[in-house]
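Architecture and fold: a report
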Amino acid sequence: MNKFSKAIILALFFACAYAMTAFADTLPGNLDDAQPLNNAWEVKSVPGSAEPLYVYIAFGENKSSVPVPPPPAKNEGDYLSIEVNKSHFSTLSQEHRDDSISHRWNICVCSEKGVQCQLSVKPVFGELAVGEKLELFQEDGTTLIQDLSAATGSSPVSVNVMPGDYVIQYSPVPPPSVFTVEQTIALKAGWNLISLPYSRLTTATIGEESVMEMGVVFVQNRAYVQGTLADLVEGKAGWIYRDAPAELVLSGECPVGNESAFPEYSSSSWNFLGLVGKCDDQGQLVSGESLPDKAQKWDASAQVFRGTAGSALFCEGYLIK
């Protein structure tokens, strides 16, 4: 091996050694020791004219805290710490990531002189998804002081606080309370008795044509009332007449709930009803209640009512007593 080759190898060796040294600790506050991470934030306190103090909160696959010597007693020094099970840590507290629940970190701020100090938060790893929140609360955990969600690495969110105990809370994206659901009704030639499971109907089409204004006949107080598909109220059934078969495609909003059911009705008379739709947390319609005794279903092919039993179907109209 010639001298030139040896020089190249030595240069590569020192370059790799430098790179390993330079990138061995790329995150502050022992965060590299807490890998793997999803999100991490730096919490900084500036007590009066003193030097800044730091703690770090994080999400990852682990749940752990990195302890350091206990901070001074309250009002005996400047310190910033995280309280976990009544023990104080002033470096890092990492929570196991669970996107379905909130997490809280108890933050203790102390100023030797008992004066107001600045508390600021910025992300140092990862970022919040749309709808997720990071917020600063009073010790009671319910009195909001500052929304920290907009903090960026170059633009921390800061707030002035008095010495005391505070809570930083992560909140996941709240699950939707309403989902948009699509249903298809096979209309037969002649009269069809249908119902809508939606709290709000958003679209109705046959082929490429919008039919929100399609004529519907309602039965109210034993009188027939002419209206449109857009007028049909959830849980009520109405009559649609077609000269030829067609597929009616509907979409609308259904709230989250445990069971799809019929609206309240009087058992002393016949009622034209359908299921009021409820969705699970995945946006799927949950099963409907069973049909009551003497329930009847319209047979659109024969154009007659027939007795029926079992679970009610969405978008079907029933005669119920």
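For the structure itself, consult the block above.
Residues numbered from 1 in each chain as written. Predicted model: local features only at pLDDT ≥ 70, side-chain atom pairs only at ≥ 80, totals over all residues. Heavy atoms only, no water.

Before going further, it helps to examine the packing of aromatic side chains. Applying the stated criterion across every chain yields a total of twelve aromatic pairs. Relative to F305, the ring of F272 has its centre 6.4 Å away and its plane inclined at 55 degrees; by these criteria the two rings are tilted. Of this pair, F272 sits in strand β21 (residues 271-273) while F305 sits in strand β23 (residues 304-307), and the two are 33 residues apart along the sequence. Overall, the relative accessible area of 18% leaves F272 in the buried class. Taking relative accessible area as the criterion, F305 reaches 27% and is therefore assigned partly exposed. (Phe/Tyr/Trp six-rings, centres within 6.5 Å; stacked < 30°, edge-to-face > 60°. Helix = DSSP H or I, 4+ residues; strand = E, 2+ residues; numbered from the N terminus. Buried < 20%, exposed > 50% of the residue type's maximum accessible area, 1.4 Å probe, protein only.)

All right, on to the side chain of Q94 then. Summarising the element assignment, Q94 is placed in strand β6 (residues 92-96). The exposure class assigned to Q94 is buried, which follows from its relative accessible area of 1%. Residues contacting Q94, with those up to four places away along its chain left out, are A34, P36, L37, A58, F59, G60, E61, N62, K63 and S64. (Contact = heavy atoms within 4.5 Å.)

Another aspect to go through is the pairing of strand β20 (residues 246-255). The side chains of a regular strand alternate between both faces of the sheet. Bridging between strand β13 (residues 178-187) and β20 involves ten bridges; their strand directions are antiparallel. Among the inter-strand pairings, T184 is bridged to a residue of β20, identified as V249. Direction of pairing for strand β15 (residues 200-206) relative to β20: antiparallel, over a ladder of five bridges. In the sheet register, R200 faces β20, and the bridge partner there is E253. (Pairing = 2+ DSSP bridges.)

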